[in-house]
Amino acid sequence: DIDIDVEDGDVEIFDCESEHGRIRGEDGDITIDRCQGSFEIAVSDGDAYLTELVARDMDIRSGEGTVKMSLLPSDGLEVKVRASDGDVVMDLGDGVSAEFELETGDGEIRLMAADVRNLQQDRRRTTGQIGGGGGSIYVRTDDGSVTLRQ
C-alpha cells in the first residue's frame, strides 16, 4: 500500500501496484504513471497527472488545478473525479468499457468518442455508455470544463 501526505512539493510515482494507495498534497503536483490498482488522491492547489493507469477504484479530488488522466482497460473500473476549480481531461484507451456521467457547474463538456450508446446531453450534464459499459466513470467540476476522449 501507498500512503503519502505532502504539504509543499510534488509527488511522483512510477511503475507501481497498489491495493489501496492514498496520496494527499496541499501545494504541488501529483504524478502517477504506469500504475495499477486502487487510489485515493486529493490535491488542494496543484495539478494531477495520472497516465497509463489500470485502475480498479479511483477517487480523485482537486481544489485548484487541472486533472489529466489516461486509463487502460481493467476489470471493475470505478472512477470518481471531483474538481472545484479546474479542468478535467480523461483519455480512455482502446477497450475501456464504462457508463459515464460528466457534470460541470460553469464550463463546457466535450465528448470525443466513436462508440457511445445511450447518450443524453444538456449544457451541464452528459451521460452515456462507452463499449459494453462494464465500469463506471463520474466526473464533476464546479468551475471548469470536462473532456472525455477515446
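Structural data are supplied above this passage.
Fair warning: this is a prediction, and the values are worked out from it, not measured in the lab. Throughout this description, residue numbers start from 1 for each chain and increase along the sequence as written. Totals for whole chains, interfaces and linings use every residue, but because this is a predicted model, local features are given only for residues with pLDDT of at least 70 and side-chain atom pairs only at 80 or more, for both listing and counting. Note that the side-chain values use all heavy atoms of the structure and ignore hydrogens as well as water.

**What to know about the overall build of the protein chain**
Each helix is a run of DSSP H or I of at least 4 residues and each strand a run of E of at least 2, with the numbering of both proceeding from the N terminus. Counting its regular elements, the protein chain contains 0 helices and 15 strands. Taken over C-alpha atoms, the radius of gyration is set against a globule rule of 2.2 Å times the number of residues to the power 0.38. The C-alpha radius of gyration of the protein chain comes to 14 Å, within 12% of the 15 Å expected for a compact globule of 150 residues. With the C-alpha coordinates aligned to their principal axes, the bounding extent of the protein chain is approximately 40 × 30 × 15 Å. Looking at the 150 residues of the protein chain, the share that counts as buried comes to 45%. Just so you have it, the protein chain exposes about 7,300 Å², and 38% of that area is on carbon and sulfur atoms. For the protein chain, the separation between the mean place of its 15 positive charges and that of its 36 negative charges on side chains is 6 Å. Think of it in three bands: residues with accessible area under 20% of the maximum for their type are buried, residues over 50% are exposed, and the middle band is partly exposed, with areas taken using a 1.4 Å probe on protein chains only. All accessible areas in this document rest on Shrake-Rupley with a 1.4 Å probe, and a residue is counted as covered only by the protein chains that are shown. The positive count covers Lys and Arg only, the negative count covers Asp and Glu only, and His and the chain ends enter neither. Where a charge lies is defined by one atom per residue type: Lys uses NZ, Arg uses CZ, Asp uses CG and Glu uses CD.

**Some words on the state of the cysteines**
Cysteine sulfurs are considered disulfide-paired once they come within 2.5 Å of each other. Scanning the entire structure with this criterion turns up 1 disulfide. Here Cys16 engages in a disulfide with Cys35; their sulfurs sit 2.4 Å apart. Negative torsions about the S-S bond denote left-handed disulfides, and the value of about 125° found for Cys16 with Cys35 makes this one right-handed. Of this pair, Cys16 sits in the loop between β2 (11-14) and β3 (17-27) while Cys35 sits in the loop between β4 (30-33) and β5 (36-45); the two residues are 19 residues apart in sequence, bridging distant segments of the chain.

**Thoughts on the pairing of β4**
Side-chain alternation along β4 places Ile30 and Ile32 on one buried face and Thr31 and Asp33 on a second face that is also buried. Any two strands with at least two DSSP-identified bridges between them are counted as paired. Looking at chain direction, β2 and β4 are connected through 4 bridges and run parallel. In the sheet register, Glu12 faces β4, and the bridge partner there is Thr31. In this structure, β4 lies alongside strand β6 (residues 48-64), joined through 4 bridges in parallel fashion. Bridged to Ile30 within β6 is Ala48.

**Remarks on unusual backbone geometry**
Outside of glycine, negative phi angles account for most residues, and trans bonds account for most peptide bonds. Even without being glycine, Asp15 reaches a positive phi, approximately 50°. If you trace the backbone, Asp15 turns up in the loop between β2 and β3. Unlike most non-glycine residues, Arg34 shows phi in positive territory, near 55°. Note on placement: Arg34 falls in the loop between β4 and β5.

**Overview of the nonpolar core**
Remark: nonpolar core denotes a set of buried residues (Ala, Val, Leu, Ile, Met, Phe, Trp, Tyr, Cys) joined through side-chain atoms within 4.5 Å. One finds Ile32, Met58, Met69 and Met90 to be the most contacted residues of the largest nonpolar core, which totals 37 residues. With 6 residues, the single largest contributor to this core is β6. With sequence-adjacent residues up to four places away left out, Ile32 is seen in contact with Ile13, Ile23, Phe39, Ile41, Tyr49, Leu50, Thr51 and Leu53. Should any heavy atoms of two residues lie within 4.5 Å, those residues are considered in contact.

**Some words on the side chain of Asp33**
Positionally, Asp33 belongs in strand β4. At 2.5 Å, the side chain of Asp33 and the side chain of Arg34 are in polar contact. Every residue in contact with Asp33, bar those within four places of it in the chain, is listed here: Ile13, Phe14, Asp15, Thr51 and Glu52. Identification of polar contacts relies on pairs of N or O atoms within 3.5 Å, with a donor-acceptor requirement for protein atoms, meaning one able to donate a hydrogen and the other able to accept it, and with residues adjacent in sequence counted only if both atoms are side-chain atoms.

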